[in-house]
Amino acid sequence: MEDQGLNDARTMELMEIKVNVQSEDLNSTLSDASPLVHDRDPKRVNKSLKVTFEDVIAEPPSVRSFDKVWLWSHVLFEVSRLWIYRFISLLLAVPVSLAAGILFAVLSFLHIWLIMPCVQLLLINMHWVQTVWGSILNILISPLFISIGKSCGRITIQLANDEDK
């Protein structure tokens, strides 16, 4: 009896999912269902990686290969670039994204729970250093550089053309 109720609940969930999928736009495909699939670089982080055949291989007008060689080279370049990328991403995308997620989680944790409390501790306790350093700058360093600036401010340079040559 309990199993029957559990199965009915699962069936209702499946029916709700089917209804939601069917209520979407009829022109959309399964790959269009997620907005992540459409624009995978919304902030244009990798705009420099838009490399095409013409960006890599170009024949000047003075030397040209056969037209069929050019066409097949273009096709093989594009196909190999696409499928090798897909194969490498199939193998490495999930582990690398997992490692990147762990790395950014650790960095976020360290920044929130270790670095910022230490910085705040230093800022609170180092106010006297800021006061002493400001006094040293105002008493010793500032007058020295003001006098050097006034001394060097009177230097003039005159350029003359040597017309005798």
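Here is a short report on the structure shown in this document. (Residues numbered from 1 in each chain as written. Predicted model: local features only at pLDDT ≥ 70, side-chain atom pairs only at ≥ 80, totals over all residues. Heavy atoms only, no water.)

## Points about the packing of aromatic side chains
What the rule picks out here adds up to two aromatic pairs. Here Phe53 and Trp70 contribute two aromatic rings whose centre-to-centre distance is 5.0 Å and whose plane-to-plane angle is 70°, an arrangement assigned as edge-to-face. Of this pair, Phe53 sits in helix H3 (residues 53-56) while Trp70 sits in helix H4 (residues 67-125), and the two are 17 residues apart along the sequence. On the accessibility criterion, Phe53 (1% relative accessible area) is buried. A relative accessible area of 26% places Trp70 in the partly exposed class. Each residue in the set Phe53, Trp70 and Phe77 is aromatic and connected to the rest through ring pairs, giving one cluster. The lysine or arginine in question, Arg86, covers the ring of Trp83, its NZ or CZ lying 4.8 Å from the ring centre. (Phe/Tyr/Trp six-rings, centres within 6.5 Å; stacked < 30°, edge-to-face > 60°. Helix = DSSP H or I, 4+ residues; strand = E, 2+ residues; numbered from the N terminus. Buried < 20%, exposed > 50% of the residue type's maximum accessible area, 1.4 Å probe, protein only. Lys NZ or Arg CZ within 6 Å of the ring centre and 35° of its normal.)

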